[in-house]
Amino acid sequence: MAGLTHEHVRVAVIGAGFGGLGAAVRLRRAGITDFVVLERADAVGGAWRDNTYPGCACDVPSHLYSFSFAPNPDWPRNFSGQPHIRAYLERVADTFGLRPHLRFGAEVRSLRWDSGAVHWEVETARGSLTADVVVSATGPLADPRMPDIPGLDGFPGAVFHSARWDHTVDLRGKRVAMIGTGASAIQIVPAIEREVGRLTLFQRTPAWVLPRMDRRISGVERWLHTKVPATRALRRGVLWGIRELQVGAFTKRPGEMRFVERLAGAHMRRAVKDPALRAALTPDYRIGCKRILLSNDYYPALAQPHVDVVPAGLKEVRGSTLVGSDGTEAEADVIIFGTGFHVTDVPIAHRVTGARGTTLAEEWKDGMEALRGTTPAGFPNFLTIIGPNTGLGNSSMILVIEAQLAYMADYLRQLDTLGGKVALDARPSAVRAYTDMVQERMRRTVWNTGGCDSWYLDNGRNTTLWPGTTTELRRVTRRVDLAEYRVLRPHTGPVKATVSTAGAGRGSR
């Protein structure tokens, strides 16, 4: 592959997962072909390329977890697995002619804003380039979080994170320790339970688990979705509408979640007969406060005689002995960490230096914030996909991505209208006003009031989720309001905007 030295592009996109590929498609649909997609790995797929653990699948129905502009009538299941989702993204790259824009092995090492030239200087593992606009689509589930456990370095067996599964390790007959009880762990546990000799689950906090309404999508349904596209659109619309109706319970009326708790409790009681195990698996916080998990086989797996649940986190490793924070000891040959990702401390933020000479990580030291979840102040022509406060607690993140891509497209249109070498920098006052609005709405949500400590929170503030419907988010990100930005040109600093902002969306309150 050729290097990138001395190349200049209109747009540099970072990451080739759903966000990056979606951005590339939207750029081509807007007539912009002068762009590259910088990907550190050797293939597209993002999290669906990296996560290859046993049982890996999506917990959002497939017909909703796909681009509206690239429907797939051939999903095999309601909740399709990782291989099918990755194959879908490969097809998107081919169908929309994205291959010539992809630069694999091009991990971004630094991004630095050049105020004089009004562009970004980009250093990658394959060389350097400059770009008028940078779109960061690295995703919140890209970099695994490994806890610092005393003695872990001395463990004699295999150790790996669920997102970096070591397929060379044979688990048959082994004593395996699973650390964590998040979305990955509840898929891994039942997938490996039958082949391991003994399985010990270290559970710092129990999760609420609901039945997974999964089934094979019949050949007749797939044929109908192919031949009559309206049926496919109807299916997607129903899935979307149900989730829109659920939002109020998460964001305004957390008390309504008690009914869902009863359903989750009944689901557990059907599979777990041991009262002591049931007590250990029952959360003490309101359902929805942490991510609600879906599984039909997690509880049955935990009820097996060769599976132990330690109701505590892993505190220490002494050789092959694992010690929980409650003093429980367990022997293990393999340790698998399902301990999440760097979500509120995204690694890319340490590599981005803005107009004030500070990194994005430094600007976000007290919590992430960006105008309309997309543009942080002090970082001109820098946009994030799945940025601060754009996450969802109950629906498809592809809806969020498409909303932010609409904002990106309008952002680029505004730059073209302004003409010449130009940049937009979000006004700190606009970012603060938007953030205050989001945090005010967040106060009564189940994520803030449900009594749990989750990865949604950073320094006690919810900087990850959107406290509304996807319809509201689309409205918030429909148009770029130039009144919320400073207009920058080479050497001259900010100039007064000459484009009317009449009709620009100011978001919902």
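The rules we used
- Residues numbered from 1 in each chain as written.
- Predicted model: local features only at pLDDT ≥ 70, side-chain atom pairs only at ≥ 80, totals over all residues.
- Heavy atoms only, no water.
- UniProt positions renumbered as here; feature names shortened; annotations may be inferred.
- Helix = DSSP H or I, 4+ residues; strand = E, 2+ residues; numbered from the N terminus.
- Rg over C-alpha atoms; globule rule 2.2 N^0.38 Å.
- Buried < 20%, exposed > 50% of the residue type's maximum accessible area, 1.4 Å probe, protein only.
- Contact = heavy atoms within 4.5 Å.
- Areas by Shrake-Rupley, 256 points an atom, 1.4 Å probe, with all protein chains shown as cover.
- Lys, Arg positive; Asp, Glu negative; His and termini not counted.
- Charge placed at Lys NZ, Arg CZ, Asp CG, Glu CD.
- Core = buried A, V, L, I, M, F, W, Y, C linked by side-chain atoms within 4.5 Å.
- Pairing = 2+ DSSP bridges.
- Axes fitted to C-alpha atoms, helices over the stretch in contact; angles between N-to-C directions.
- Polar contact = N/O pair within 3.5 Å; in protein donor to acceptor, adjacent residues only side chain to side chain.
- Parallel < 35°, antiparallel > 145°, perpendicular 65-115°, else oblique.
- Left-handed = near helix turned anticlockwise from the far one by under 90°.
- Nonpolar A, V, L, I, M, F, W, Y, C, P; charged D, E, K, R; others polar.
- pLDDT = per-residue confidence, 0-100.
- Phe/Tyr/Trp six-rings, centres within 6.5 Å; stacked < 30°, edge-to-face > 60°.
- Lys NZ or Arg CZ within 6 Å of the ring centre and 35° of its normal.
- Patch = residues over 30% accessible without salt bridge, like charges linked within 9 Å, V, L, I, M, F, W, Y side chains within 5 Å.
- Salt bridge = Lys/Arg side-chain N within 4 Å of Asp/Glu carboxyl O.
- Disulfide = S-S within 2.5 Å.

As annotated in an unreviewed UniProt entry, the chain is NAD(P)/FAD-dependent oxidoreductase from Streptomyces malaysiensis subsp. samsunensis. What UniProt records for the chain under Cofactor (unreviewed entry) is the sentence "FAD". You can read under Sequence similarities (unreviewed entry) in the UniProt record for the chain the words "Belongs to the FAD-binding monooxygenase family."

1. A closer look at the overall build of the chain
Looking only at helices and strands, the chain features 14 helices and 23 strands. Computed over C-alpha atoms, the radius of gyration of the chain comes to 23 Å, within 12% of the 23 Å expected from 2.2 N^0.38 for 509 residues, which places it in the range of a compact globule. Projected onto the principal axes, the alpha-carbon positions of the chain cover approximately 70 × 50 × 45 Å. For the chain, buried positions account for 57% of its 509 residues. Put simply, 72% of the contacts in the chain that link residues at least 6 apart link residues at least 24 apart. For the chain, the accessible surface area stands at approximately 21,000 Å², while carbon and sulfur atoms represent 52% of it. When the 65 positive and 51 negative side-chain charges of the chain are each reduced to one mean point, those points stand 7 Å apart.

2. Details of the nonpolar core
Counting 116 residues, the largest nonpolar core has F18, F67, L171, I192, L302, I336 and L424 as its most contacted members. Top contributing element to this core by residue count: helix 11 (residues 397–418), with 13 residues. Apart from the residues within four sequence positions on either side, I192 is in contact with P54, W165, L171, V176, L199 and I336. Counting 27 residues, the second-largest nonpolar core is a separate cluster that includes V36, L129, F379 and F382.

3. Overview of the sheet that holds strand 14 (residues 321–324)
One open sheet accounts for three strands, arranged 13-14-15; its pairing is antiparallel. One side of each edge strand has no neighbouring strand; the edge strands of this open sheet are strand 13 (314–318) and strand 15 (329–331). Adjacent strand axes in the sheet meet at a mean angle of 25° when their direction is disregarded. Here strand 13 runs beside strand 14; their pairing, made up of four bridges, is antiparallel. Looking at strand 14, one finds that E316 is bridged to V323.

4. Concerning helix 4 (residues 185–192)
The buried fraction of helix 4 is high, at seven of eight residues. Within helix 4 the residues assigned to the buried category are A185, I186, Q187, I188, V189, P190 and I192. The elements touched by buried residues of helix 4 are strand 8 (175–179), strand 9 (198–202), strand 11 (293–294), helix 9 (298–302) and strand 16 (334–337).

5. Some thoughts on the side chain of H225
Here H225 is to be found in helix 5 (residues 219–227). At 3.1 Å, the side chain of H225 forms a polar contact with the side chain of T231. Among the polar contacts listed, one links the side chain of H225 to the side chain of R235, at a separation of 2.9 Å. The residues touching H225, leaving out its near neighbours within four places in the chain, are H63, P73, T231, R232 and R235.

6. Let's talk about the packing of helix 1 (residues 18–29) against helix 3 (residues 82–95)
Contact pair helix 1 / helix 3: the axes reach a minimum separation of 11 Å and the direction vectors enclose 20°. In terms of their interaxial angle, helix 1 and helix 3 are classed as roughly parallel. Considering only the axes of helix 1 and helix 3, their crossing is left-handed. Facing F18, L21 and V25 of helix 1, the residues of helix 3 in contact are I85, Y88, L89 and V92. Partitioning the contact of helix 1 with helix 3 into residue classes produces seven nonpolar, no polar and no charged.

7. Some words on the environment of L424
Tracing the chain through its elements places L424 in strand 19 (residues 423–426). Spatially, the C-alpha atoms of L424 and V487 are 4.9 Å apart, while their sequence positions differ by 63 residues. Look past the residues within four positions of L424 in its chain and what remains in contact with it is P380, N381, Y411, Q414, L415, L418, V480, L482, Y485, R486 and V487.

8. Digging into the packing of helix 5 against helix 6 (residues 229–251)
Running from N to C, helix 5 and helix 6 point in directions that differ by 110°, and their axes come no closer than 4 Å. Taken together, the axes of helix 5 and helix 6 lie roughly perpendicular to each other. The residues of helix 6 that touch helix 5, namely those facing E221, L224, H225, T226 and K227, are P229, T231, R232 and R235. Here the contact of helix 5 with helix 6 is composed, by residue class, of two nonpolar, three polar and four charged.

9. Structural notes on the confidence of the model for the chain
Across the chain, pLDDT averages 94, with 95% of residues at or above 70. Within the model, pLDDT remains below 50 along residues 497–509, and this stretch shows 29 contacts once partners closer than five positions in the same chain are excluded.

10. Description of the packing of aromatic side chains
The geometry of an aromatic ring pair is captured by the separation of the ring centres together with the interplanar angle, meaning the angle of the planes. Taken as a whole, this structure holds 15 aromatic pairs when the rule is applied. Consider the rings of Y298 and Y299, whose centres lie 5.7 Å apart with planes at 45°: the pair is tilted. In terms of burial, Y298 and Y299 fall into one category: buried. In this arrangement the basic side chain of R441 is found over the ring face of W466, its NZ or CZ atom lying 5.5 Å from the centre.

11. Observations concerning the sheet that holds strand 7 (residues 158–161)
The strands that make up a sheet are held in pairs by hydrogen bonds between backbone atoms, and each pair lies either parallel or antiparallel. Ordered in space as 7-16-8-9-12, the five strands form an open sheet in which the pairing is parallel. In this open sheet, the two strands that pair with only one neighbour each are strand 7 and strand 12 (307–310). Shown here is a sheet whose adjacent strand axes are inclined to one another by a mean of 15°, direction ignored. As defined by bridge partners, strand 7 adjoins strand 16 across four bridges and the pair is classed as parallel. Paired with V159 across the two strands is I335, which belongs to strand 16. Packed onto the sheet, helix 4 meets strand 8, strand 9 and strand 16 and runs at close to 165° relative to strand 8.

12. Quick word on a nonpolar patch on the surface
Where nonpolar side chains cluster on the molecular surface, the patch consists of W223, L224 and V228 and spans about 280 Å² of accessible area. In this structure L224 comes out as partly exposed when scored by relative accessible area, which is 34%.

13. Considering the state of the cysteines
Per the counting criterion, the structure on display carries one disulfide. The residue that forms a disulfide with C289 is C452, at a sulfur-sulfur distance of 2.0 Å. Handedness of the C289-C452 disulfide follows from its S-S torsion of about -90°: it is left-handed. Remark: C452 occurs in the loop between helix 13 (446–449) and strand 20 (457–458) and C289 occurs in the loop between helix 8 (275–281) and strand 11; sequence separation between them is 163 residues. Since its relative accessible area comes to 0%, C289 is described here as buried. Residue C452 is classed as buried on the basis of its relative accessible area of 15%. No disulfide involves C56; its sulfur sits 8.9 Å from the nearest other cysteine sulfur, which is in C58. Assessed through its relative accessible area of 9%, C56 is described here as buried. Overall, C58 belongs to the buried group, its relative accessible area being 4%.

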